[in-house]
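# Analysis of the macromolecular model
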Amino acid sequence: MTLGGLLLVVLIVAAHAVFFARVYFIIRCIRLGQGSLPAAFPLLRMKDVLVKGFGQVLVLRQPAGIGHFLIFWGFFVLTYGTLEGLIAGVFPGFSFAWMGPFYWLMNTLQDWFGLLVMGALAVALYRRFVWRPRRLQASLAHTIDALIIIVLIAVLIKAFYAMRIIEPKPGFTPVTDMLRPWFVSVTGKAAHPMGYAAFHWLHNVVVLSFLVYIPFSKHLHLITALPNLYFRDEKRIAGRIPKLDLEAEGMESFGISKITEYSRKDLLDVTACTECGRCQEACPAYFTNKPLSPKEVVLGLKAHLFEECPALLRDRTAAPKKALYPDVIEKDVLWACTTCRACEEACPVEILPMSKLIGIRQARVLMEGDFAEEAQTALRNVETQSNPWGLPQEARGAWAEALGVKTLAEDANVDYLFFVGCAGSYDQRYMQVTRAVARLLQEAGVSFGILGAEECCTGDSAKRIGNEYLAQMLAQQNVDTMNGYGVKKVVTACPHCYNTIKNEFPDYGGNYEVVHHTELLAALMQQGKLKPKQGPATVVYHDSCYLGRYNGVFDAPRAAILASGTLKELLRTRSNSFCCGAGGGRMWMEERIGGRINEERSKEIIQVKPEVVATACPFCMTMISDGLKSEHRADIPLKDVAELLAEACGIVKKDVVEGE
Amino acid sequence: MKIAVLVKRVPDTASVFKIAVDGKSVETANLKYVMSPYDEHAVEEAIKLKEKNGGEVIIVSVGPSEAKEIIRSGLAMGADSGLLITGAEALSPRGLAKVLAAALKTLAPDVIFAGKQAVDDDAAQVPERVAELLDMPHASVITRFECLGASVVVDREIEGGQYTLELPLPALLTTQKGINTPRYPTLPNIMKAKKKEIREMSVGELGLASEALAAGCTVEAFTLPRQERLRKVLEGESIQKVQELVRILRETEKVL
């Protein structure tokens with residue numbers, strides 16, 4: 001071994017020592033979290049990693065993802081040459097040539113990917129320093145971080161080409177071949193052995209620097225992103241909030257008030273962030289200039305984790321330097337979230353920023369009783385009258401009297417329980433929707449009944465505000481009532497009830513087949529039980545987060561609209577839809593900071609010049625109705641999908657509006 | 001410092017009220033009950049005082065056995081124990097005050113808080129009567145409370161202004177909205193409240209003569225507020241409609 005070889009060995013060992021020490025530290029940080037990483041169904045997890053990770057499916061949902069795809073695969077391809085170069089640095093003359101055709105193929109790919117990666121890097125530089133889309137704007141430190149990585153990769157590739165120019169390898173290498181004459185004209189010589197050695201050293205040193213730099217930088221995601229996809233937590237899939245055990249022996253603290261109270265998956269999550277900002281771009285709170293950015297939430301937690309961990313690793317009970325709330329996550333950040341889940345949908349590595357906030361909300365509400373006064377009033381009302389307005393529970397079924405809809409107490413021998421929800425029972429406007437749904441079901445000959453005064457709030461708002469205690473009481477009460485009547489199938493006109501009954505009631509022993517009214521109505525149309533007449537109106541449909549993004553119901557409401565008019569899509573639609581602003585208990589809180597989310601959405605709606613706006617959620621209807629009014633476009637009719645269908649089916653409007 | 005809070009279990013005012021067949025009472029079958037909202041302010045003020053000066057807070061109520069739930073909600077806010085006197089809920093304010101005064105005498109509190117009135121019959125009499133029976137200074141409708149040790153300073157709301165009063169202890173005070181924001185109970189406190197003691201005693205145990213509890217006045221009849229609508233649509237030019245509206249409000253309905 002030469003002296004140079006020996007030096008390289010020392011560098012390799014040192015770089016790996018630093019790298020693995022840091023990785024070990026990060027693993028220990030993650031292990032400070034609760035529970036263990038979810039690992040059931042390993043084959044499904046591998047598939048996720050293959051498709052979403054190696055296939056880059058989530059990354060490729062945006063055009064910028066193409067650049068990432070090239071850099072990602074370029075990394076693997078070029079690592080082949082890097083490895084060869086490192087070994088050759090220690091044992092001069094070493095090569096992978098014995099691999100034969102594969103060697104030829106890899107040399108070819110390296111040549112091509114070198115150029116592609118350089119192109120992607122150029123675009124990355126352009127986006128970060130010239131174009132600067134909002135989602136990529138970051139603090140100076142983070143920007144420098146990005147720059148260092150881009151420069152390191154670029155230098156690496158330049159050195160690679162220089163080496164290949166000086167010392168060609170078998171393969172179809174048009175890029176190297178094209179560069180060679182230019183290189184020769186600049187340096188005067190093609191194959192100087194000293195030149196090769198210089199570039200070889202440059203390449204190896206940069207590679208090792210990169211190795212050391214990765215786990216200290218945002219490029220940590222190289223190590224954590226794929227595991228993060230693998231260890232996906234099914235309990236939190238699609239915005240679900242697992243049921244907290246409130247009666248656990250010795251449990252003194254509920255929700256998240258310290259970073260170590262998060263699960264290990266939550267902590268792995270925050271280390272996987274690459275600062276791409278797609279979550280931020282999708283966030284309605286951020287879009288309306290509120291202090292919340294899901295990206296900053298995750299980065300804040302990441303920095304906090306790494307800051308607190310050294311002390312915690314020495315002593316688990318060490319007092320934190322900063323309080324998770326309000327030092328790391330501020331009050332106005334915490335409460336700005338509408339739980340629309342756009343951030344979680346947007347993340348290419350399935351980080352869940354929203355669920356991090358819910359945990360802190362639970363601690364604020366359960367441990368401190370600390371949340372917006374307006375929301376306290378709403379929840380107190382839910383406690384006494386089972387609805388957030390505090391209207392008499394006794395009057396819950398009043399809308400149904402004139403329509404001859406029976407309660408299950410009167411006749412439990414029905415196919416469907418129509419779970420009306422609070423808004424459908426009390427909100428003057430949404431009661432019209434309730435009546436439209438009831439009339440359509442009657443028209444189609446569906447046998448259904450309601451719970452009337454026995455129905456209570458499902459607890460969606462309570463749960464998402466963080467009042468797990470109240471949410472559990474409400475869920476249990478509803479499940480007991482429904483099971484008491486032997487309910488099997490449920491139809492509801494509220495996406496929030498829908499999500500709770502379908503995804504959370506099973507935790508309380510309530511297992512039902514749940515459909516949203518648009519799903520049932522679309523099915524009834526298909527079966528020919530409803531025969532709408534096509535109308536001329538151009539209808540714009542606004543997707544409800546809890547129906548669409550949460551539960552994937554996109555097509556049923558559209559089918560119902562298409563049967564009664566022409567459908568026009570908004571720019572942000574389906575899983576990319578923009579929240580109305582009322583989810584996560586925000587319905588019951590004042591929106592005091594920044595612009596109003598419902599007005600922003602209403603502007604987007606007005607822009608596409610609809611003749612009619614359709615919604616499928618009581619919150620959306622209230623918010624969009626207010627938004628259209630603020631934008632002075634109250635003249636645009638706003639209707640629920642069921643109302644459109646009722647009109648198209650010739651169900652007299654008076655029937656629906658007056659219930660007479 | 002011993003702090004007592006008088007609370008009352010009342011129907012939620014959002015309930016649908018129906019007059020019972022006797023015409024002198026309200027049907028209670030479908031009513032939802034809550035702690036009278038002004039009493040929540042009293043509980044909050046008592047707990048704040050305890051947090052500042054130490055001591056104990058006892059929630060005292062007269063009502064049926066179910067009133068324990070209302071006491072329990074006060075305990076969940078942070079009060080220490082409860083006392084429920086049963087068998088006296090049908091009494092008039094005069095009798096109620098005697099019952100409460102007798103019970104409070106055994107507790108001997110330094111400060112008594114109560115809501116300025118209960119939102120069921122809105123009599124606004126019981127706390128003041130209790131104070132008189134106990135020969136205590138009292139201030140009603142307070143919007144600020146400060147304890148100076150042996151005395152307290154309060155702001156008392158009056159029409160178009162306020163009094164600032166200093167009262168020696170022991171004293172009784174009734175709270176008005178605006179004095180504080182009643183806290184939202186935390187889960188650990190709700191759990192603890194389930195284990196806190198609520199002493200239940202029947203009115204008989206107080207040894208009061210039955211004639212002492214006789215009503216000062218009795219209910220003759222209950223009627224619901226009129227809720228009819230005129231359903232009148234005014235026609236014509238805006239100016240005429242306004243003139244007509246003002247005329248109706250002034251001359252026919254006599255509300256202007």
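Remember, predicted model here, so these are calculated numbers, not experimental data.

The rules behind these values
Residues numbered from 1 in each chain as written. Chains lettered and ligands numbered in written order. Predicted model: local features only at pLDDT ≥ 70, side-chain atom pairs only at ≥ 80, totals over all residues. Heavy atoms only, no water. Helix = DSSP H or I, 4+ residues; strand = E, 2+ residues; numbered from the N terminus. Buried < 20%, exposed > 50% of the residue type's maximum accessible area, 1.4 Å probe, protein only. Pairing = 2+ DSSP bridges. Phe/Tyr/Trp six-rings, centres within 6.5 Å; stacked < 30°, edge-to-face > 60°. Lys NZ or Arg CZ within 6 Å of the ring centre and 35° of its normal. 1 Å grid on protein atoms, 1.4 Å probe; cavity = no way out; pocket = protein on both sides within 12 Å on 5 of 7 lines; lining within 4 Å. Points joined across faces, edges and corners; volume = space filled by probe spheres on them. Nonpolar A, V, L, I, M, F, W, Y, C, P; charged D, E, K, R; others polar. Domains from an automatic or database assignment. Axes fitted to C-alpha atoms, helices over the stretch in contact; angles between N-to-C directions. Parallel < 35°, antiparallel > 145°, perpendicular 65-115°, else oblique. Left-handed = near helix turned anticlockwise from the far one by under 90°. Contact = heavy atoms within 4.5 Å. Salt bridge = Lys/Arg side-chain N within 4 Å of Asp/Glu carboxyl O.

A few words now on the overall build of chain A. Regarding its fold elements, chain A presents 28 helices and 8 strands. Counting only C-alpha atoms, chain A reaches 95 × 60 × 45 Å along its principal axes. Burial analysis of chain A (660 residues in total) assigns 57% to the buried set.

Turning our attention to the sheet that holds strand β2 (residues 448-449) of chain A. All names here are of chain A. Taking strand neighbours across the sheet as the criterion, the 4 strands line up as β2-β1-β3-β4 in an open arrangement whose pairing is parallel. One side of each edge strand has no neighbouring strand; the edge strands of this open sheet are β2 and β4 (513-516). Where strand β1 (residues 416-419) meets strand β3 (residues 489-492), 4 bridges bridge the pair, whose relative direction is parallel. Within β3, the position partnered with L417 by the bridge is V490.

Time to look at the pairing of strand β9 (residues 161-168) of chain B. Residues and elements named next belong to chain B. The sheet contact formed by strand β8 (residues 151-158) and β9 spans 8 bridges and is antiparallel. Bridging from a neighbouring strand, S151 pairs with P168 of β9. In sequence, β8 turns back onto β9 through a hairpin of 2 residues, with G160 there showing a positive phi of about 70 degrees.

What follows covers the packing of aromatic side chains. All names here are of chain A. Scanning all chains against the criterion turns up 25 aromatic pairs over all chains. Relative to F76, the ring of F75 has its centre 5.5 Å away and its plane inclined at 80 degrees; by these criteria the two rings are edge-to-face. We classify F75 as partly exposed; its relative accessible area is 36%. When its relative accessible area of 35% is taken as the criterion, F76 is described as partly exposed. What links up through ring pairs into an aromatic cluster is the set F54, F72, W73, F75 and F76. Lying across the ring of F306, R22 places its NZ or CZ 4.9 Å from the centre. Stacked on the ring of Y550, the Lys or Arg R341 has its end atom at 5.6 Å from the ring centre.

A separate point is empty space enclosed by the protein. Residues and elements named next belong to chain A. Per the stated rule, a full pass over the model turns up 5 cavities of 30 Å³ or more. Empty space within the largest cavity amounts to approximately 200 Å³. Taken together, 22 residues make up the lining of the largest cavity; nearest its centre are P388, C422, C457, S461 and F619. Breaking the lining of the largest cavity down by element, the ones donating at least two residues are α17 (373-385), α18 (421-426), α20 (460-465), α22 (495-503) and α26 (618-630). Of the residues contributing to the lining of the largest cavity, the split by class is 15 nonpolar, 5 polar and 2 charged. Residue assignment places the lining of the largest cavity across two domains, with domain 3 (383-525) and domain 4 (531-658) each supplying three or more.

Residues and elements named next belong to chain A. Orientation of helix α23 (residues 517-526) relative to helix α27 (residues 641-648), taken along the N-to-C sense of each, is 30 degrees, at an axis distance of 10 Å. Considered as vectors, α23 and α27 are oriented roughly parallel to each other. Of the two possible hands of crossing, α23 and α27 adopt the one that is left-handed. For the pair α23 and α27, the contacting residues are H517, T518, L521 and M525 in the first and V641, A642 and L645 in the second. Its residues assigned to classes, the contact of α23 with α27 shows 5 nonpolar, 2 polar and no charged.

This part takes up the pattern of salt bridges. All names here are of chain A. Using the criterion set out here, one finds 43 salt bridges over all chains in the structure. Note that R232 and E350 form a salt bridge whose closest N and O atoms lie 3.6 Å from each other. Here R232, found in the loop between α8 (221-230) and α9 (264-271), pairs with E350, found in the loop between α15 (342-346) and α16 (353-368); they are 118 residues apart in sequence, far enough to count as distant. Classification of R232 by relative accessible area gives partly exposed; the value is 27%.

Looking now at the environment of A:L125. Residues and elements named next belong to chain A. Relative to the assigned elements, L125 resides in helix α4 (residues 101-131). Judged by its relative accessible area of 33%, L125 is partly exposed. Ignoring sequence-local partners within four residues, the contact set of L125 consists of V130, L147 and I150.

What follows covers the domain arrangement of chain B. Assigned domains within chain B: domain 1 (2-213) and domain 2 (226-256). Each of domain 1 of chain B and domain 2 of chain B was reduced to a C-alpha centroid, and the two centroids are 44 Å apart.

What follows deals with the packing of helix α1 (residues 3-30) of chain A against α9(A). All names here are of chain A. The interhelical angle for the contact between α1 and α9, taken along N-to-C directions, is 140 degrees, at an axis separation of 8 Å. What the angle tells us is that α1 and α9 run oblique. For the pair α1 and α9, contact is made by I26, C29 and I30 and by R264, L267, L268 and T271, respectively. Of the residues that constitute the contact of α1 with α9, the class distribution is 5 nonpolar, 1 polar and 1 charged.

All right, on to the sheet that holds strand β5 (residues 538-541) of chain A then. All names here are of chain A. Strand order in the open sheet made by the 4 strands is β6-β5-β7-β8, with parallel pairing throughout. Here the strands that pair on one side only, and so sit at the sheet edges, are β6 (566-568) and β8 (638-640). Looking at each pair of strands side by side, their axes are set apart by 40 degrees on average, direction ignored. Pairing of strand β7 (residues 612-615) with β8 involves 3 bridges; the strand directions are parallel.

Quick look at the pairing of strand β6 (residues 111-115) of chain B now. All names here are of chain B. Where burial is concerned, most of β6 is hidden: 5 out of the 5 residues are buried. Here 4 bridges tie strand β1 (residues 2-7) to β6, and the two strands are oriented parallel to one another. Bridging across to β6, A4 finds its partner in I112. Inspection of the sheet shows β6 paired to strand β10 (residues 171-175) by 5 bridges, in the parallel sense. Of the residues in β10, the one forming a bridge with I112 is L172.

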